[in-house]
Amino acid sequence: MTNFAPTRWIQPGVPALVLAPMEGVADVAMRALLSELGGFTFCVAEFLRISQAAPGVRVFQRHVPELLQGGRTATGLPVQVQLLGGDPGKLAQAARAAIRAGALAVDLNFGCPARTVNRHDGGATLLQYPDRIRAIVAAVRAAVPAHLPVSAKLRLGWDNIDAIHVNAERAAEGGADWITIHARTKSQGYRPPAYWKPLAEVRARLRIPVVANGEIWTSADLRRCRDETGCQHFMLGRGALADPTLGRKAARELGLPGAGLPQPFARTPAEWLPLLSRYGELCRAAEMPPAYILCRVKQWLRMNNHDGKQVWFDNLKGCRDLGELLRCLDGLAADFPPSPGELCFGHSDAAGEPAA
Ligand SMILES: Cc1cc2nc3c(=O)[nH]c(=O)nc-3n(C[C@H](O)[C@H](O)[C@H](O)COP(=O)(O)O)c2cc1C
């Protein structure tokens with residue numbers, strides 16, 4: 001049996017690296033894979049929307065299967081549950097069920113920009129009502145045992161960057177242990193750039209840690225974000241998928257123990273082959289349907305090709321299942337030599353997390 005280090009989350013003065021929640025992308029198999037590649041302190045699961053009755057324990061365990069194994073991936077990375085909604089009472093009830101299901105920490109989503117979510121009083125809509133943010137955080141904080149953290153994930157505002165100051169204060173007043181800020185407003189969607197500078201002022205004013213998030217694609221981006229914000233805590237989203245080795249590179253940059261050797265950027269078919277076949281194994285272990293797996297893999301490759309430089313990507317578009325895609329990649333490998341170095345799996349940075 002594996003001996004995991006005690007669970008560590010965000011602590012003042014101790015650097016940390018968080019894998020972002022990404023609905024429809026960072027699923028249980030992807031969380032397991034990125035946990036094997038290493039670098040992260042913990043990850044946040046995709047949001048669970050709380051609209052009507054609070055979901056029961058089983059719903060949570062289906063949504064976040066890691067809850068059945070102590071709230072961690074197989075290699076020991078802690079997984080935080082995320083709730084989304086606008087009703088403090090229902091969210092508190094849901095948080096209680098999440099804890100009964102095995103959750104070790106709860107995050108509250110105040111950033112989702114999806115129209116259907118916002119129309120139903122969830123996600124970024126709440127950024128227009130700072131007092132409601134405080135009420136929701138306070139209700140969930142009261143429902144979750146004091147030794148388990150509750151955090152809030154915000155954007156800079158609905159359509160006004162300055163809203164972050166009051167929203168961050170209200171989240172802290174509600175009892176959040178830390179806040180994560182995606183450095184854009186809802187209106188800015190996912191369009192670059194991210195506006196990191198306001199985070200410096202928020203961080204300086206608050207007594208709780210601030211996790212910086214948005215547009216960190218490389219170690220150089222991480223350094224710039226750290227310089228501009230003064231933050232020691234960072235959340236990586238699309239960048240961690242576009243370059244699956246970014247977690248380890250960023251962990252090295254932050255001096256996190258267990259970050260391991262630097263890894264090459266996975267760019268060529270030969271480099272993607274072991275990643276995709278391992279992802280396929282993890283998806284099958286999670287009993288995901290083959291069509292779903294193929295769809296996820298293509299979505300992932302599109303993220304890697306966000307700069308349009310992967311000319312070989314087009315060859316894979318017509319593949320009808322993962323087996324065909326892997327054979328196709330294998331066939332392309334000789335034409336695109338890999339970069340020096342080799343990807344390795346099986347690392348758990350949980351074992352090397354910073355001490356309390
Ligand atoms: C496909 C996708 C799904 C996302 N799902 C969630 C989610 O479930 N919960 C959440 O708080 N944020 C979600 N986000 C936002 C990310 O967690 C993150 O804040 C955002 O992508 C900015 O970080 P990045 O520039 O490093 O990607 C999602 C983003 C993407 C691209």
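Calculation notes
One numbering rule holds for all chains: residues counted from 1, following each sequence as written. Given that the model is predicted, a residue must reach a pLDDT of at least 70 before its local features are reported, and side-chain atom pairs must reach 80 or more before they are shown or counted; all residues, however, enter totals for whole chains, interfaces and linings. Think of it this way: any DSSP run of H or I at least four residues long counts as a helix, any run of E at least two long counts as a strand, and we number them from the N terminus. We take the radius of gyration over the C-alpha atoms and set the globule estimate at 2.2 Å times the residue count to the 0.38 power. Working definition of burial: number of other C-beta atoms within 10 Å of the residue's own, with buried at 20 or more, exposed at 12 or fewer, and partly exposed in between, all C-beta atoms being placed from the backbone. We call two residues in contact when the distance between their C-beta atoms, placed using the backbone, is within 7 Å. Each C-beta atom gives one direction from the helix axis, and the arc is the one those directions make. Using a C-beta atom placed from the backbone, a residue is described as near a molecule or strand when that atom lies within 6 Å of it. Under the grouping applied here, Gly and all other residues not named as nonpolar or charged are polar, the nonpolar ones being Ala, Val, Leu, Ile, Met, Phe, Trp, Tyr, Cys and Pro and the charged ones Asp, Glu, Lys and Arg.

Trainee: Hey, could you go over the overall build of the protein for me, with residue numbers and the actual values?
Mentor: A count of helical and extended segments in the protein gives 13 helices and 8 strands. Here the C-alpha radius of gyration of the protein, 20 Å, is about what a compact globule of 356 residues would show, namely 21 Å. Counting only C-alpha atoms, the protein reaches 60 × 45 × 40 Å along its principal axes. The buried share of the protein, reckoned over its 356 residues, is 51%. Long-range contacts, defined as pairs at least 24 residues apart, comprise 73% of the intrachain contacts of the protein with a sequence gap of at least 6.

Trainee: Give a description of helix α8 (residues 219–229) that names residues and reports values.
Mentor: Among all positions in α8, only Leu222, Cys225 and Thr229 are buried. Along the long axis of α8, the arc covered by the buried residues comes to 65°, so they all point the same way. Across α8 from its buried face, at more than 90 degrees, point the exposed residues Ala220 and Asp227. Tucked inside the fold, the buried residues of α8 contact α7 (197–205), β7 (210–213), β8 (233–236) and α10 (246–253). Of the residues one or two after α8, Gly230 is the one with positive phi, at around 75°.

Trainee: If you had to explain the site of the ligand to someone new, which residues and values would you point to?
Mentor: Around the ligand, the surrounding shell holds 22 residues, and the nearest of these are Ala20, Pro21, Glu23, Gly237 and Arg238. Taken together, the elements giving at least two residues each to the shell around the ligand come down to β2 (42–49) and α9 (238–242). Across the shell around the ligand, the residue classes tally to 8 nonpolar, 9 polar and 5 charged.

Keep in mind these numbers describe shape, not what the thing actually does.
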